[in-house]
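Chain by chain, the residues run as shown.
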Amino acid sequence: MSPVESVVSVTASLSDAAALVRGLDSAALVVGLSHQPLGLITEAALAEVALEHPAQWEKKRCAALIGVAPGPLSPEDPIEEVLARYRISGAQPLLVLDGDHAVGIIYPDPVFSWCLTQPSSVFDALGLGRAPH
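Calculation rules
- Residues numbered from 1 in each chain as written.
- Predicted model: local features only at pLDDT ≥ 70, side-chain atom pairs only at ≥ 80, totals over all residues.
- Heavy atoms only, no water.
- Helix = DSSP H or I, 4+ residues; strand = E, 2+ residues; numbered from the N terminus.
- Buried < 20%, exposed > 50% of the residue type's maximum accessible area, 1.4 Å probe, protein only.
- Contact = heavy atoms within 4.5 Å.
- Areas by Shrake-Rupley, 256 points an atom, 1.4 Å probe, with all protein chains shown as cover.
- Arc of directions from axis to C-beta.
- Salt bridge = Lys/Arg side-chain N within 4 Å of Asp/Glu carboxyl O.
- Core = buried A, V, L, I, M, F, W, Y, C linked by side-chain atoms within 4.5 Å.
- Pairing = 2+ DSSP bridges.
- Axes fitted to C-alpha atoms, helices over the stretch in contact; angles between N-to-C directions.

Draft legend 1. View of the overall build of the protein. Counting secondary structure elements, the protein contains five helices and five strands. Overall, the protein shows an N-to-C arrangement of helices and strands of β-α-β-β-α-α-β-β-α-α. When the 133 residues of the protein are sorted by exposure, 37% land in the buried category. Intrachain contacts of the protein at a sequence separation of at least 6 include 46% that bridge at least 24 residues. Carbon and sulfur atoms make up 55% of the accessible area of the protein, which amounts to about 7900 Å² in all.

Draft legend 2. Quick look at the environment of Val 82. Summarising the element assignment, Val 82 is placed in helix 3 (residues 79–89). On the basis of relative accessibility, which here comes to 4%, the residue Val 82 falls in the buried class. Once residues lying within four places of it in the same chain are set aside, the contact partners of Val 82 are Leu 73, Leu 94, Ile 106 and Val 111.

Draft legend 3. Local environment of helix 1 (residues 14–21). Of the residues making up helix 1, those classed as buried are Leu 14, Ala 17, Ala 18 and Val 21. Viewed end-on, helix 1 has its buried residues packed into an arc of 105 degrees, placing them on one side of the element.

Draft legend 4. Geometry of the pattern of salt bridges. Counted under the stated rule, the structure contains one salt bridge. The closest approach of N and O atoms between Glu 81 and Arg 85, which form a salt bridge, is 2.8 Å. Here Glu 81 pairs with Arg 85, and both are found in helix 3, just four residues apart, close to one helical turn. Residue classification places Arg 85 among the buried positions, given a relative accessible area of 17%.

Draft legend 5. How the structure looks around the nonpolar core. Counting 16 residues, the largest nonpolar core has Val 8, Leu 14, Ile 41, Leu 46, Cys 62 and Leu 65 as its most contacted members. Residue assignment for this core shows that the elements contributing at least two residues are helix 1, strand 2 (27–31) and helix 2 (43–52). Here this core gets four residues from one element, more than from any other, and that element is helix 1. With residues near it in sequence (within four places) discarded, Leu 46 still touches Leu 14, Ala 17, Ala 18, Val 21, Ile 41, Trp 57 and Leu 65. Within the second largest apolar cluster, nine residues are counted, among which are Tyr 86, Leu 94, Val 96 and Cys 115.

Draft legend 6. Quick peek at the pairing of strand 5 (residues 101–106). Alignment of strand 4 (residues 94–98) against strand 5, held across five bridges, turns out to be antiparallel. Within strand 5, the position partnered with Leu 95 by the bridge is Ile 105. Between strand 4 and strand 5, which follow one another and run antiparallel, lie two residues, and Gly 99 among them has a positive phi close to 70 degrees.

Draft legend 7. A look at the sheet that holds strand 2. Here three strands make up an open sheet; going across it, the order is 1-2-3 and the pairing mixed. Unpaired on one side and paired on the other, strand 1 (7–9) and strand 3 (37–42) mark the two borders of the sheet. Neighbour-to-neighbour, the strand axes of this sheet turn through a mean angle of 35 degrees, independent of strand direction. When strand 2 meets strand 3, the two strands line up antiparallel, connected through five bridges. Bridge pairing in strand 3 links Ala 27 to Thr 42.

And the structure:
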């Protein structure tokens, strides 16, 4: 798990969020008016909005992307839950909340690096082994 490095208000423009994540494999934490964590904004999500609304995407507020990303994890969630989220929603950064506090972000690259170090029996136990032919 990586620390939260970038934070943006739900009322900030998407161009403000883009400045925080542009060119980085990172995500910005979106916080509400009471500074409660609401979700993440990634460069991929911003690119998608820019394609859909090329003329006005930069003026949209960060609130427009809340709810697009998968829900948060808790620090107690096992690796199986992370991998299950990736199977459902694709590999993307996942927010980790401890109660109402953002404690970190799980990025796909470290998860995949960990996977490469594990014997195949670990993936069989997780139900992720190769399907029989």
